[in-house]
Amino acid sequence: MLRQFDVIVVSERFKDGTTATPPFTDPSLGWFFVDNINNGLENCEAEWVIVATDHVEITREFLNNLAECNASFPMADALAPRIKAAGKFLGGSIIAKNGSFVQISEDSPIRFVAGPHPDIAAFSRRIVQRTGRVDTTLPAPFQLIDYSLRMLHAGGRMLSIPYLVIEGTPSDCPFAPKECNAGCVRTLYKSLGIAAAGKFTMRHPKSWLALFNGIKALNAKREAAISLSKMTPEMFKDIKE
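Everything quoted here is computed from the prediction, not taken from an experiment. Think of each chain on its own: its residues are numbered from 1, step by step along the sequence as written. In view of the model being predicted, local features appear only for residues whose pLDDT reaches at least 70, and side-chain atom pairs are presented and counted only at 80 or more, with totals across whole chains, interfaces and linings using the full set of residues. The basis for the side-chain values is all heavy atoms of the structure; hydrogens and waters are excluded.

### Side note on the packing of helix H4 (residues 140-153) against helix H5 (residues 181-192)
So, point 1. Axis definition: a line fitted to C-alpha atoms, over the contacting stretch in the case of helices. Angles run 0 to 180 degrees between N-to-C directions. Put simply, DSSP marks the helices as runs of H or I at least four residues long and the strands as runs of E at least two long, and each gets a number from the N terminus on. For the pair H4 and H5, the least separation of the axes is 9 Å and the interaxial angle reads 10°. Classified by the interaxial angle, the pair formed by H4 and H5 is roughly parallel. Within the contact between the two elements, H4 uses Phe142, Ile145, Asp146, Leu149, Arg150 and His153 and H5 uses Gly183, Cys184, Thr187, Lys190, Ser191 and Leu192.
So, point 2. Throughout this entry, Asp, Glu, Lys and Arg are counted as charged residues, while Ala, Val, Leu, Ile, Met, Phe, Trp, Tyr, Cys and Pro are counted as nonpolar. The remaining residues, Gly among them, count as polar. For the contact of H4 with H5, the residue count by class is five nonpolar, four polar and three charged. Throughout, the term roughly parallel applies to angles under 35 degrees, roughly antiparallel to angles over 145, roughly perpendicular to angles from 65 to 115, and oblique to all others. The contact criterion used is simple: two residues touch if any of their non-hydrogen atoms lie within 4.5 Å.

### Details of helix H8 (residues 215-226)
So, point 1. Under the convention used throughout, the expected extent of a helix is 1.5 Å for every residue step, that is, one less than its residue count. Between its first and last C-alpha atoms H8 spans 16 Å; for 12 residues at 1.5 Å apiece the expected length is 16 Å, and the two agree.
So, point 2. The cut-offs for exposure are 20% and 50% of the maximum accessible area for each residue type, with area from a 1.4 Å probe on protein chains only; residues under the lower value are buried, those over the upper are exposed, and the others partly exposed. Listed in full, the buried residues belonging to H8 are Leu218, Arg222 and Ala225. The arc that holds the buried residues of H8, viewed along the axis, is 60°, so those residues lie on one side. More than 90 degrees from the buried face of H8, the exposed residues found are Lys216 and Ala224.
So, point 3. Positive backbone phi, at 60°, marks Leu228, one or two positions downstream of H8. What the arc measures is the spread of directions leading from the helix axis to the C-beta atoms.

### With respect to a nonpolar patch on the surface
So, point 1. The patches reported here contain residues having more than 30% relative accessible area and no salt bridge. Joining distances are 9 Å for like charges and 5 Å for nonpolar side chains (Val, Leu, Ile, Met, Phe, Trp, Tyr). All accessible areas in this document rest on Shrake-Rupley with a 1.4 Å probe, and a residue is counted as covered only by the protein chains that are shown. We count a salt bridge whenever a side-chain nitrogen from Lys or Arg sits within 4 Å of a carboxyl oxygen from Asp or Glu. A surface patch of nonpolar side chains, amounting to about 300 Å² of accessible area, comprises Ile194, Trp208 and Phe212.
So, point 2. Examined against the element boundaries, Trp208 turns out to sit in helix H7 (residues 207-212).

### Quick word on the pairing of strand E5 (residues 82-85)
So, point 1. Taken together, the three bridges between E5 and strand E12 (residues 165-167) define a ladder with parallel strand orientation. Of the residues in E12, the one forming a bridge with Ile83 is Ile166.
So, point 2. Note: E5 against strand E6 (residues 88-90), three bridges, orientation antiparallel. Looking at the pairing, Ala85 lines up with Lys88 of E6.
So, point 3. Strand pairing is assigned whenever DSSP detects at least two bridges linking the two strands. Linking two consecutive strands that pair antiparallel, namely E5 and E6, is a turn of two residues; a positive phi of about 50° is found at Ala86 within it.

### Quick look at the packing of aromatic side chains
So, point 1. Stacked, tilted and edge-to-face pairs are distinguished by plane angle, under 30 degrees for stacked and over 60 for edge-to-face with tilted covering the rest, among Phe, Tyr and Trp rings (Trp via its six-membered ring) whose centres lie within 6.5 Å. The full count for this structure, using the stated rule, is six aromatic pairs.
So, point 2. With 6.1 Å between their ring centres and 5° between their planes, Trp31 and Phe33 make a pair best called stacked. By the burial criterion, Trp31 is buried, and Phe33 matches it.
So, point 3. Their ring planes at 15° and their centres at 5.4 Å tell us that Trp208 and Phe212 sit as a pair that is stacked. Of this pair, Trp208 and Phe212 both sit in helix H7, four residues apart, roughly one helical turn.

### So, the layout of surface pockets
So, point 1. Residues are said to line a cavity or pocket when one of their atoms sits within 4 Å of a point; the points come from a 1 Å grid over protein atoms alone, cavities being sets where a 1.4 Å probe fits but cannot get out and pockets being open sets with protein on both sides within 12 Å along at least five of seven lines. Grid points are joined across faces, edges and corners, and a volume is the space filled by probe spheres set on the points. When its volume is computed, the largest pocket comes out at roughly 520 Å³.
So, point 2. Lining the largest pocket are 21 residues, and of these Thr53, Pro118, Asp119, Ala140 and Pro141 sit closest to its centre.
So, point 3. Among the secondary structure elements, those contributing two or more residues to the lining of the largest pocket are strand E3 (48-53) and H4.
So, point 4. When residues in the lining of the largest pocket are grouped by element, the largest group, four residues, is from H4.
So, point 5. Residues that form the lining of the largest pocket fall into these classes: nine nonpolar, eight polar and four charged.

### What about the sheet that holds E6?
So, point 1. Reading across from one edge, E6-E5-E12 is the order of the three strands in this open sheet, with mixed pairing throughout. With partners counted over all chains shown, the strands left at the sheet margins are E6 and E12, one partner each. Ignoring which end each strand starts from, the neighbouring axes of this sheet average 35° apart.

### Thoughts on the pairing of strand E2 (residues 29-34)
So, point 1. Counting buried positions along E2 yields six of six residues, so the element is predominantly enclosed.
So, point 2. Burial along E2 is two-sided: the residues Leu29, Trp31 and Phe33 and Gly30, Phe32 and Val34 are all buried.
So, point 3. Two elements, strand E1 (residues 5-10) and E2, share six bridges in a ladder whose sense is parallel. Across the sheet, the residue bridging to Val9 is Phe33, located in E2.

Have a look at this one:
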């Protein structure tokens, strides 16, 4: 019998093989403490896989709420919880009109998103099997967004549900630093093509260099991502501002 949840906790402090004690245990729950998401994915067997950093607190209450959301929204292959931090709610991201990624507003209704907050996401086992490994060559804030966009091509969608909330102490602007521009343009190009990447570079011209540095390898990744794509224009429209 499959476990209900596997929790992958990703942190640099696990790089040397250091591990951690789970906050609680349960026969239906597996824990993996890794510095690379893929090391956890390779060993997951549960129906749902939770990817989290150590900036959020996985509790029984959160898992119970997640289970209820899974049952209530079977059309979603992945969920983007909101993080309650310092009186604010930080959610998933959509593609803004200017071509960048932007977090959804605190009062956003239930909606599909382009990706989760970088500190927490939940994926069904079926979509993980279709989407494959995470691209860990990208900066950390973009790894799960890239995975979620690739998931669209595999026919999956990520849903943000306002009342699926987890507590934590994350950064509230994960995409703001200029050093993220390279990761952003490569993520856009890989799943959405030159039109989406070009719109971003109009505001960040230097990011063209990041796009064309190693373009051959990036094109190979793009081809793998979009091959036999199931993403429709409506699915793309649903993740935009």
